[in-house]
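Overview (structure and organization)
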2 protein chains.
Amino acid sequence: MPELSLRGSEMPASPIRKLVPYAEEAKRRGIKVYHLNIGQPDIKTPEAAFDAIKNFDVKTAEYTHSAGIESYRKGLAGYYKSVGIDISFEDILITTGGSEAIIFAFMATLNPGDEVIIPEPFYTNYNGFAVQAGVKIIPVTSYIETGFALPPIDEFEKLIGPKTKAVLVCNPNNPTGYLYSEEELRQLRDLVLKHNLFLFADEVYREFCYDGNKHYSVLNLKGLENHAVLFDSVSKRYSECGIRIGALISRNKKIIDAALKYGQARLSPPLFGQIAAEASLSVGADYFKEVYDEYLERRNYMITAVNKIEGVYAPMPKGAFYGILSLPVESAEDFCVWLLKEFNYEGETVMLAPAEGFYSTPGAGKNQARIAYVLKIEDLKRSAKILEEALKVYVKKTGTQL
Amino acid sequence: MPELSLRGSEMPASPIRKLVPYAEEAKRRGIKVYHLNIGQPDIKTPEAAFDAIKNFDVKTAEYTHSAGIESYRKGLAGYYKSVGIDISFEDILITTGGSEAIIFAFMATLNPGDEVIIPEPFYTNYNGFAVQAGVKIIPVTSYIETGFALPPIDEFEKLIGPKTKAVLVCNPNNPTGYLYSEEELRQLRDLVLKHNLFLFADEVYREFCYDGNKHYSVLNLKGLENHAVLFDSVSKRYSECGIRIGALISRNKKIIDAALKYGQARLSPPLFGQIAAEASLSVGADYFKEVYDEYLERRNYMITAVNKIEGVYAPMPKGAFYGILSLPVESAEDFCVWLLKEFNYEGETVMLAPAEGFYSTPGAGKNQARIAYVLKIEDLKRSAKILEEALKVYVKKTGTQL
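Note that the coordinates shown come from a computational prediction; the quantities given were computed from them, not determined experimentally. (Residues numbered from 1 in each chain as written. Chains lettered and ligands numbered in written order. Predicted model: local features only at pLDDT ≥ 70, side-chain atom pairs only at ≥ 80, totals over all residues. Heavy atoms only, no water.)

1. Some words on the overall build of chain A
This is how it is decided: Helix and strand definitions here come from DSSP, where helices need a minimum of 4 consecutive H or I residues and strands a minimum of 2 consecutive E residues; each element is numbered from the N-terminal end. Just to be clear, the radius of gyration here is over C-alpha atoms, and the globule rule we use is 2.2 Å times residues to the power 0.38. Each residue is assigned to one of three classes by its accessible area relative to the maximum for its type, calculated with a 1.4 Å probe on protein chains only: buried under 20%, partly exposed between the two thresholds, exposed over 50%. By definition, residues are in contact when any of their heavy atoms lie within 4.5 Å. Only the protein chains shown count as covering a residue, and every accessible area follows the Shrake-Rupley method with a 1.4 Å probe. In summary, the charge assignment counts Lys and Arg as positive and Asp and Glu as negative, without counting His or the chain termini. Charged side chains are reduced to one point each, which is NZ for Lys, CZ for Arg, CG for Asp and CD for Glu.
Scanning chain A from terminus to terminus reveals 13 helices and 12 strands. Taken over C-alpha atoms, the radius of gyration comes to 21 Å for chain A, in line with the 21 Å a tight globule of 402 residues would show. Counting only C-alpha atoms, chain A reaches 60 × 60 × 55 Å along its principal axes. When the 402 residues of chain A are sorted by exposure, 65% land in the buried category. Sequence separation of at least 24 residues holds for 77% of the intrachain contacts in chain A that already meet a minimum separation of 6. In the form shown here, chain A has an accessible surface area of approximately 14500 Å², with 50% of it arising from carbon and sulfur atoms. Measuring between centres, the 46 positive side-chain charges of chain A sit 1 Å from its 51 negative side-chain charges.

Now the structure itself:
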């Protein structure tokens, strides 16, 4: 049998999904599992999206333009204008999810072996895209003690070498929920200008910023017209993860032109997804307010609740819908497996994502887990209770010092 | 400004699409353009596909399983059974178009720098996927004189070296319309077994085989369980190119497992596309017969018509809906540009795809163009007439010897 490739056998499995077999096994035993491990919101997709698809009247489901349907690109430029980002539709390439925007940007700007500096913990699938593109992620560690604020610029400077080509930030951050301030972003601007790097920003959680904090986009940093590259997606904005529509945006025309060649190779982004996404542009402030209020209530409830559990600490996230918990255990992964394999509280358990997979530095975040507060309040209440009971048993069993 | 990557700037633009600006300019001048350059059929998508989407009743458009919706994978295994291919749904990974199946297979099996032998002319986007994966395509030339039959196995043998990892065939072939015989496929089987290579097959035109010829799948070659990898797509089968649903299929579990990790990184294939594709499985022999008869009539008409034009030769394709024309011109690309920029016949012109972009060997196929006979008969009639008139003018103008 011919051998697989190294990048086939060594590609890391998703830490969010690697415990799925244990969850499935628990369900087969009749245990109810609360999924705090994955960012699949239960929020309703706008009806306008479904209506547009129902009313879409063609005889043939044809390819669209490789850059996306022009009316959607124009509509999307209007959305950006409404959130204070002034770009032309020609700066926008519609992609198959935010994932493809990242791949295309890596392909257009990075050679194999090039390095991208990313604050860790980071969205674990960046690892997959880096393997796919043959580029190296260089982590700069952020810490739970500072709420995962941007590491000092000195720490970035130390990591910059001849292979460094870009810095990537996710803002608001998945998995930490941290929202980078305008000041922090300006520090990054000075850094990338000084070293002639690209600044990639994944801003798919733009709509979810709490406590009066405003989101600041890398596209609004002056002087970065040729450096700033935005990855975006409608998945979380309109709770339509399944439609697989994202966007790659840059004022650097060379990047968009190069990315479009990759877009042409894959012919077209999904037709129905684009129809749904374009229709979603029509939703008003009401939709966002309802969704926002719901997430805010969930965040406030859940982060407060977990902090009341003995030995647990979670900084209050300022954005997105994730939080990192420090747990009174040696290995959060062992604990997460145990929750699914051995524990239940009145026939129920919770599934968390061990945070170690979000770190690139070996051993970092070993006692941490990520939660996504995407379930309704009753389920979050129940989840917090189960977690509390589980830790009582686990800490006693393993003899952890609190 | 930071430099783009080499693979960003050197990625070839699609030869099918590179003349699009000329076509757009012609349309702005009021010229009607018949698009023979692109395989976008005008055939109707099954109503069942649209109905399923209209009736799909959920509140949230969620991610699906990264490997695809299980009921669709099971249904698809049933489709393969119906065409004589016996595989389990677990051997099937649903992908975002056939394009993603190719990328995932390359990632799972090939290291950067590895070589894949492909008979040329070949589907031009293989170049894009090869650049994306950092692998090298080694062409083995097939010739118009033999109707683009499989080159002798000796020619493959000559090209096999330490970096050779796979052979890729498209069957029936885009761009040539050639259908590989069972005997030719057995020769390839012996070759890949002898040299321990993978055999990739792109069989997206399986339904379109003419003149009583039967399609033979690489999955039915004995002894290739760990070597054979199938790329498939519903785009052409049900004329639903825009839904972006394909599949990667292999009995080699390691390949599917490795590909699934790439699938997890991009989360999920498109939800609505899968709903449409699953519903399309219900179409009966009637749908296929109608579509088949339509293509057959178009093929018979168009290939006969172009062969009547002085200086033009086109072998009769045995499958798919493409044909390669040898033209009485020095450069088919110059002629194709001229058709759009300078020529019109009663206010109309045709757009062809210069075949040079389908060859990897420099200069090969320079006087050839690919046509897709995906337009209705009246339009094909008109296109043939325009092509005939255009060649009269062009040959006279350029002084080509017939």
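Structure shown, so let's carry the discussion forward.
2. Thoughts on the domain arrangement of chain A
Residues and elements named next belong to chain A. Here is the rule we go by: Throughout, the edges of the domains are those of an automatic or database domain assignment. Summed over both partners, the accessible area (1.4 Å probe) lost when two parts come together is defined as the buried area. Each salt bridge in this description consists of a side-chain nitrogen of Lys or Arg and a carboxyl oxygen of Asp or Glu lying within 4 Å of one another. Counted as a polar contact is a pair of N or O atoms within 3.5 Å, where, for protein atoms, one must be capable of donating a hydrogen and the other of accepting one, and residues adjacent in sequence contribute only when both atoms are in side chains.
You can read the domains of chain A as domain 1 (6-44 + 286-397) and domain 2 (47-280). The straight-line distance from the C-alpha centre of domain 1 to that of domain 2 is 26 Å. Between domain 1 and domain 2, the contact holds 39 residues from the first and 36 residues from the second. Between domain 1 and domain 2, roughly 3100 Å² of surface is buried when both sides are summed, and carbon and sulfur atoms account for 62% of that area. Summed over the shared surface of domain 1 and domain 2, the number is one salt bridge. Between R299 and D211 there is a salt bridge whose closest N-O contact spans 2.7 Å. Across the domain 1-domain 2 interface, the total number found is 14 residue pairs in polar contact (both at pLDDT 80 or more). Within the residue set of the side of domain 1 that touches domain 2, elements represented by two or more residues are helix 11 (285-307), strand 9 (322-326) and strand 12 (368-372). For the side of domain 1 that touches domain 2, the element with the highest residue contribution is helix 11, accounting for seven residues.

3. Quick notes on the sheet that holds strand 11 (residues 353-354) of chain A
All names here are of chain A. Definition in use: The rule for pairing is simple: two strands pair if DSSP sees at least two bridges between them.
Overall, antiparallel pairing links the three strands, which are arranged 9-12-11 in an open sheet. Each edge of the open sheet carries a strand with a single partner, namely strand 9 and strand 11. The sheet contact formed by strand 9 and strand 12 spans five bridges and is antiparallel. Residue pairing across strands places S326 opposite Q368, the latter belonging to strand 12.

4. Focus on the pairing of strand 8 (residues 246-249) of chain A
Where a strand is regular, its side chains alternate between the two sheet faces. Residue and element names in this part refer to chain A. A two-sided burial pattern is seen for strand 8, the buried positions comprising G246 and L248 on one face and A247 and I249 on the other. Where strand 2 (residues 92-95) meets strand 8, four bridges bridge the pair, whose relative direction is antiparallel. From the neighbouring strand, L93 faces strand 8, where its bridge partner is L248. In this structure, strand 7 (residues 228-233) lies alongside strand 8, joined through four bridges in antiparallel fashion. In the sheet register, D232 faces strand 8, and the bridge partner there is A247.

5. Observations concerning the nonpolar core
The condition is simple: For the purposes of this section, nonpolar cores are sets of buried Ala, Val, Leu, Ile, Met, Phe, Trp, Tyr and Cys residues that join through side-chain atoms within 4.5 Å.
Counting 232 residues, the largest nonpolar core has A:F335, A:L352, B:F335 and B:L352 as the members making the most contacts within it. If sequence neighbours within four positions are ignored, A:L352 has contacts with A:L19, A:L36, A:N37, A:L327, A:F335, A:C336, A:L339, A:A369, A:R370, A:I371 and A:L387. Counting residues in each nonpolar core, the second largest holds 81 residues, with A:Y63, A:F106, A:I255 and B:I118 among its members.

6. A word on the interface of chain B and chain A
Taken together, the contact between chain B and chain A spans 79 residues of the former and 79 residues of the latter. Taken over both partners, the interface formed by chain B and chain A buries close to 6600 Å², and the fraction arising from carbon and sulfur atoms is 56%. Inspection of the region where chain B meets chain A yields 43 residue pairs in polar contact (both at pLDDT 80 or more). Residue assignment for the side of chain B that touches chain A shows that the elements contributing at least two residues are helix 1 (6-9), helix 3 (47-54), helix 5 (97-109), helix 6 (125-133), helix 9 (253-265) and helix 10 (271-280) of chain B. Looking at which element gives the most residues to the side of chain B that touches chain A, the answer is helix 9 of chain B, with seven residues.

7. Things to note about the relation of the copies chain B and chain A
Stated formally: Fitting of the copies onto one another was done by least squares over C-alpha atoms, counting residues only where both copies have pLDDT of at least 70.
The operation relating chain B to chain A is a screw motion whose rotation component is 180 degrees, with 0.0 Å of axial translation and a residual RMSD of 0.0 Å. Interpreted geometrically, this transformation is the action of a two-fold axis. Taking the C-alpha atom as reference, chain B places B:K54 closest to the rotation axis, 2.2 Å from it. Here 100% of the contact residues of chain B are again contact residues in chain A; the copies associate through an equivalent surface.

8. So, unusual backbone geometry
With an omega of -5 degrees, the peptide bond between B:N171 and B:P172 qualifies as cis. Residue placement: B:P172 occurs in the loop between strand 5 (164-170) and helix 8 (182-195). A cis amide bond, omega 20 degrees, links B:N174 with the succeeding residue B:P175. Residue position: B:P175 is located in the loop between strand 5 and helix 8. The phi torsion at A:R244 lies on the positive side, around 60 degrees, for a residue other than glycine. Note that A:R244 resides in the loop between strand 7 and strand 8.

9. Some thoughts on the pattern of salt bridges
Tallied over the entire structure, the rule returns 44 salt bridges over all chains. The shortest N-O distance in the salt bridge between A:R237 and A:D232 comes to 2.9 Å. The pair formed by A:R237 and A:D232 is uniform in burial state, with each residue classed as buried. Of the charged contacts in the structure, one is a salt bridge between B:E346 and B:R382, with a shortest N-O distance of 2.8 Å. Highlighted residues: B:E346 in the loop between helix 12 (332-341) and strand 10 (348-351) and B:R382 in helix 13 (residues 377-398), separated in sequence by 36 residues.

10. Let's talk about the environment of B:V167
Residue and element names in this part refer to chain B. Structurally, V167 is set in strand 5. Along the chain, V167 and E115 lie 52 residues apart, while their C-alpha atoms are 8.7 Å from each other. The residues contacting V167, other than those within four sequence positions of it, are V116, I117, F156, L188, L191, V192, L197, F198, L199 and F200.

11. Observations concerning the state of the cysteines
Residue and element names in this part refer to chain A. Heads up, the rule is: Count a disulfide wherever a pair of cysteine sulfur atoms falls within 2.5 Å.
According to the stated counting rule, one finds zero disulfides over all chains in the structure shown. Note on C170: no disulfide assigned, nearest cysteine sulfur contributed by C209 at a separation of 11 Å. The class for C170 is buried, based on a relative accessible area of 4%.

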